[in-house]
Amino acid sequence: MRRTPRVLLVATFAALTAFSLSACAPGGDAGNASTGSASPSATSAPVAEVAETFLERHDLAGMDATAVIDTLEALPVAERPADLMASVRPDELVLMDAEKNQTSLPMPDDKFYVSVAPYAAQTHDCFFHSLTTCMGELSNEPLEVTVVGDDGAEILSGSFATNDNGFVGLWLPRDISGTITIVAGERTVTAPIATGADDPTCVTTLQLS
């Protein structure tokens, strides 16, 4: 079982000082800029064409938000693109690179993505999950995860493992509230969880004990 020390990588591109995604930023106001265009020269192009051009540039051609999220979340930390920011919001995936190219992809209507970094000793504040910069304390850690709704119905249950970045990504139904329980060896944590429009996509407050 390998542990990495807490590393909070808030990637700041010098060319993007006027518009930052504020990865792993506390609170719901991180990254309030518009997400509708890829670059000033591309604003007249159709939205789908702009998005596809951006995705091709970053070897993500043909992917929707679900596929991009799953692909980037699973990459080893050393292979995550240093020139790409990918911020998961409840309703969209916001993408931006060092050349000020920018686009967004709609999230599925029926699914909510939340990335969870359980920890033993060290954590950091986070609200919108960054697929390329957020780092948790426990990498490649086997987990048992259960999500139960407020009505007592089991929503998710299974064996998972944190990715190399220390996060485990969960696709949950939208607009549910309940509790999440994570078991890692002899340690466990239970906490509230919700998937509404104002809820975080990044959860770093679950301390195992």
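Numbers given for residues are sequential positions, taken from 1 along each chain in its written order. Note on the predicted model: pLDDT of at least 70 is required for a residue's local features to be given, and 80 or more for side-chain atom pairs to be given and counted; whole-chain, interface and lining totals, by contrast, use all residues. Computation of side-chain values: all heavy atoms of the structure, hydrogens and water removed.

### Focus: the overall build of the chain
Moving on, step 1. Scanning the chain from terminus to terminus reveals two helices and eleven strands.
Moving on, step 2. For the chain, the sequential pattern of α-helices and β-strands runs α-α-β-β-β-β-β-β-β-β-β-β-β.
Moving on, step 3. Accessible area is worked out with a 1.4 Å probe on protein chains only. A residue is then buried under 20% of its type maximum, exposed over 50%, and partly exposed in between. Every one of the 209 residues in the chain was classed for burial, and the buried ones make up 49%.
Moving on, step 4. For this analysis, residues touch if any pair of their heavy atoms sits within 4.5 Å. Intrachain contacts of the chain at a sequence separation of at least 6 include 65% that bridge at least 24 residues.
Moving on, step 5. Carbon and sulfur atoms provide 52% of the accessible area of the chain, an area that totals close to 9,500 Å². A run of H or I in DSSP counts as a helix once it spans at least four residues, and a run of E counts as a strand once it spans at least two, with each numbered from the N terminus. Computed with a 1.4 Å probe, the accessible areas rest on the Shrake-Rupley method; for each residue, only the protein chains presented here act as cover.

### Quick look at the confidence of the model for the chain
Moving on, step 1. Of all residues in the chain, 78% have pLDDT values of 70 or greater, and the mean over the chain is 84.
Moving on, step 2. As a per-residue measure, pLDDT tells how confident the predictor is, with possible values from 0 to 100. A low-confidence stretch, residues 1-22 (pLDDT under 50), is modelled with 52 contacts involving residues beyond four sequence positions or located in other chains.
Moving on, step 3. Below a pLDDT of 50 lies the segment residues 25-44, which in the model reaches 39 contacts outside its immediate sequence neighbourhood of four places, other chains included.

### Section: the environment of D175
Moving on, step 1. Tracing the sequence through the fold places D175 in the loop between strand 8 (168-173) and strand 9 (177-184).
Moving on, step 2. Not counting residues up to four positions away in its chain, the partners in contact with D175 are T195, G196 and A197.

### Regarding the sheet that holds strand 5 (residues 129-130)
Moving on, step 1. The criterion for strand pairing is that DSSP finds at least two bridges linking the strands in question. Sheet architecture is open: four strands sit in the order 3-2-1-5, paired in antiparallel fashion. Pairing within the sheet leaves two strands with one partner each, and these edge strands are strand 3 (102-106) and strand 5.
Moving on, step 2. As paired strands, strand 1 (residues 84-88) and strand 2 (residues 92-97) are joined by five bridges and run antiparallel to one another. If you follow L84 over to strand 2, its bridge partner there is D97.
Moving on, step 3. To get an axis, a line is fitted to the C-alpha atoms, and for a helix only the part in contact is used. The angle between two axes follows their N-to-C directions and goes from 0 to 180 degrees. Contacting strand 1, strand 2 and strand 3, helix 1 (residues 47-57) crosses the sheet at an angle of about 105 degrees to strand 3.
Moving on, step 4. With respect to the sheet, helix 2 (residues 65-74) is in contact with strand 1, strand 2, strand 3 and strand 5, its orientation differing from that of strand 2 by roughly 60 degrees.

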